[in-house]
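# A structural walkthrough
Listed below are the residues making up each chain.
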Amino acid sequence: MNDQQPETRNRSAGSGSPEAFGNGSPPPLILRGGPSPEAIQKQIRLPFRKAVQIAWRNIRVRLARSLLVTSGIILALAFLAYILCSDALARHLAANGPAALIETLRREGTLATLNDADTRTQTWWLVGLALLVSFVGILNAMLMSVTERFSEIGTMKCLGALDSLIVELFLLETTFQGVVGTTIGIGIGLVLAFAEGLILYGSAAWRVVPLGAIAQLVGICALVGIGLTIAGALYPAWRAAKMQPVDAMRTEI
Amino acid sequence: MNSNHDANSNAAAQDSACDLLTVHVVRAIGVRKTYHLGGETVHALRGVHLSVKRGEYVSIMGPSGSGKSTLFNMIGGLDKPDEGRVFIDEVDIAALDAFELAWLRCHKIGYIFQTFNLIPVASALDNVTMPMVLAGMSQADAQDKAVGLLKKVGLGDRLLHKSVELSGGQQQRVAVARALANDPAIILADEPTGNLDLKTGEEVIRILEKLKDEYHVTILTATHDHKMLAASDRVVYLSDGQITSIKNRSELDIKIGHIGKEH
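Residues numbered from 1 in each chain as written. Chains lettered and ligands numbered in written order. Predicted model: local features only at pLDDT ≥ 70, side-chain atom pairs only at ≥ 80, totals over all residues.

### Digging into the overall build of chain B
Threshold: Numbering of helices and strands starts at the N terminus; helices are DSSP runs of H or I of at least 4 residues and strands are runs of E of at least 2. The contact criterion used here is simple: two residues whose C-beta atoms, placed from the backbone, lie within 7 Å are in contact.
Each helix and strand in chain B was counted, giving eight helices and 10 strands. Taking as baseline every contact in chain B between residues at least 6 positions apart, the subset at least 24 positions apart corresponds to 68%.

### Looking at the overall build of chain A
In plain terms, the rule: With C-beta atoms placed from the backbone, the exposure class of a residue follows from how many other C-beta atoms lie within 10 Å of its own: 20 or more, buried; 12 or fewer, exposed; in between, partly exposed.
Per the secondary structure count, chain A includes 10 helices and zero strands. For chain A, the N- to C-terminal ordering of α and β elements is α-α-α-α-α-α-α-α-α-α. Counting only residues that meet the buried cut, chain A has 35% of its 253 residues in that class. Restricting the contact set of chain A to residue pairs at least 6 apart, pairs at least 24 apart contribute 88%.

### Digging into the sheet that holds strand E1 (residues 24–37) of chain B
Residue and element names in this part refer to chain B. Selection criterion: Pairing between two strands requires that DSSP report at least two bridges joining them.
Judged by pairing direction, the sheet is antiparallel, and its four strands sit side by side in the order E2-E1-E4-E5 without closing on themselves. What marks the edges here is a single partner per strand, and that holds for strand E2 (40–53) and strand E5 (91–92). Pairing between E1 and E2: 11 bridges, direction antiparallel. For Leu 37, the partnering residue across the bridge sits in E2 and is Glu 40.

### Details of the pairing of strand E7 (residues 186–190) of chain B
All names here are of chain B. Threshold: Viewed with both strands pointing away, a crossover whose connecting path from the first strand over the helix to the second turns clockwise is right-handed.
Burial analysis of E7 places five of its five residues in the buried class, which makes it a mostly covered element. Because side chains alternate across E7, one face comprises the buried residues Ile 186, Leu 188 and Asp 190, and the other comprises Ile 187 and Ala 189, equally buried. Relative to E7, strand E6 (residues 109–112) is paired through four bridges, and the arrangement is parallel. Within E7, the position partnered with Ile 109 by the bridge is Ile 186. Taken together, the five bridges between E7 and strand E8 (residues 218–223) define a ladder with parallel strand orientation. Bridge pairing in E8 links Ile 186 to Thr 218. After leaving E7, the chain enters helix H7 (residues 198–215) and then returns to the sheet as E8, a path that is right-handed.

### Remarks on the confidence of the model for chain A
This is how it is decided: A score between 0 and 100, pLDDT records how confident the predictor is in each residue.
The predicted model of chain A averages 79 in pLDDT, with 82% of residues at 70 or higher. Note on residues 1–36 of chain A: pLDDT is under 50 here. Beyond four places in sequence and across chains, it has 50 contacts.

### Here we look at helix H4 (residues 124–134) of chain B
Residues spaced three or four apart along an α-helix face the same direction, because each turn holds 3.6 residues. Residues and elements named next belong to chain B. Counting buried positions over the 11 residues of H4 gives 11, a clear majority of the element. Looking at H4, one finds that the buried residues are Ala 124, Leu 125, Asp 126, Asn 127, Val 128, Thr 129, Met 130, Pro 131, Met 132, Val 133 and Leu 134. Following H4 by one or two positions, Gly 136 adopts a phi angle in the positive range, close to 95°.

### Some remarks on the nonpolar core
Let me state the cut-off plainly: Core membership is restricted to buried Ala, Val, Leu, Ile, Met, Phe, Trp, Tyr and Cys residues, and these are joined into a nonpolar core through C-beta atoms within 7 Å.
With 124 residues, the main nonpolar core has Ala 81 of chain A together with Val 176 and Ile 186 of chain B as its most contacted residues. A total of 16 residues in this core trace back to one element, the largest contributor, which is helix H2 (residues 63–96) of chain A. In contact with Ala 81 of chain A, other than residues within four places in its own chain, are Gly 185, Ile 186, Gly 189, Leu 190, Leu 217 and Cys 221 of chain A.

### Concerning the sheet that holds E8 of chain B
Residue and element names in this part refer to chain B. So the rule is basically this: All axes here are fitted lines through C-alpha atoms, helices being fitted over the stretch that makes contact, and every angle between N-to-C directions spans 0 to 180 degrees.
Across the sheet, six strands lie side by side as E6-E7-E8-E3-E9-E10; this open sheet has mixed pairing. Two strands close off the open sheet at either side, each with one partner strand: E6 and strand E10 (242–248). Going across the sheet, the axis of each strand differs from the next one's by a mean of 20°, ignoring polarity.

### Quick look at unusual backbone geometry
Residue and element names in this part refer to chain B. Although it is not a glycine, Glu 90 sits at a positive phi angle of roughly 65°. By secondary structure assignment, the location of Glu 90 is in the loop between strand E4 (83–88) and E5. Judged by local crowding, Glu 90 falls into the buried class, with 20 C-beta atoms found within 10 Å. A positive phi angle, near 50°, is found at Glu 191, a position not held by glycine. Assignment of secondary structure puts Glu 191 in the loop between E7 and H7.

Here's what the structure looks like:
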């Protein structure tokens, strides 16, 4: 900034700014009625806490849409968690369960399907599809959300919001939904898998729980869930941020 | 002084000599803008020169399609000219990067729109607080100031109403308070009364006029409504992307023809 001449409004870098007064004449401060002049500065970033507050408010007022997105995530993640967990339970029982149970499992063919390549591929295809559907759902909902808020985004930009803040707000919004959806989804998936285990294997399913494997699958599901939501929100958020305020203002919906 | 002199001579010519010592808060020099719409070329602005002095209330009149909004967007730093330059407070906006432009919008310019453009889900108070929060002011200070501003526009009893719970006139008054939040140098009001009935519109104009002096701001407003010109110090007539005439307040009433020397 222009330290030597704080009274001039020219940027020190802006060589092209015309100066209406000769070099010798004093700056006509007396004639200016307005607030004391200041040099152009760079806009600051909004504190993260504030961005969280705004994003949270945005979710609250559009609760129905939020719940729709969240339920998509819940379904996809519940499915993923269920598949992973029931697989882990079966494998654990097959290795560490009571001999009688293992014998039963072998007789029923459960052990064979456990390692059958075709069945496994099929299952993963299903999981992949569920995740894809959920991803498209998030993408669609967020794009709609951006379209719906064209003028709001434009206004925010006119008030001095940086592109990064717009991205931040949209990402925060989906992250909230992602965290909630993923948590509930994993919970439902685990409960289903254990309930199924109880039916298939009896109380043995509860007695020998593969804690390590479950912690691992919870971690994987959490990563997939959050990754999925952020991936789905990136493009809409980028589109919102890149929108010129003038275009945003012009759009009438 | 360097080559600026040539560039400015045209714009400077329109101002009398006594203006030499007055700082222009807005200067548009030879601004041209062309849009390409589906193979068709639209010349929105064909070389506009305009200087606005600090503390002036200038109305830009013109039918829709005259380039009014385009000129506004240029001056508001929302759009960049193809040719020519725009100075806000003697700063060339074309030379600013995104961060500086955002700062300029936040601190130097207050926007008022025809469609109010309040954040619909936020209260009147939050709407007015928003630009101050973006400017880095603490929440408490921002709220104090916002309450003061809302009282000034006569909405002291509507602080926590959401914008959907406010009438058009009330929403526009919130917008006026919001525009003043960061003590801007200039307020840009694009058809501020376009969505309001006559009485409410006049009320908003009156508030703008009153606050202009109180907050030492310059007001630039676009309109195509003759009834909204009463508060103007100068009226700039724009037609087909060019300024056709500029009238001072005194000349408005008696309607002497053209005084502008533009083209």
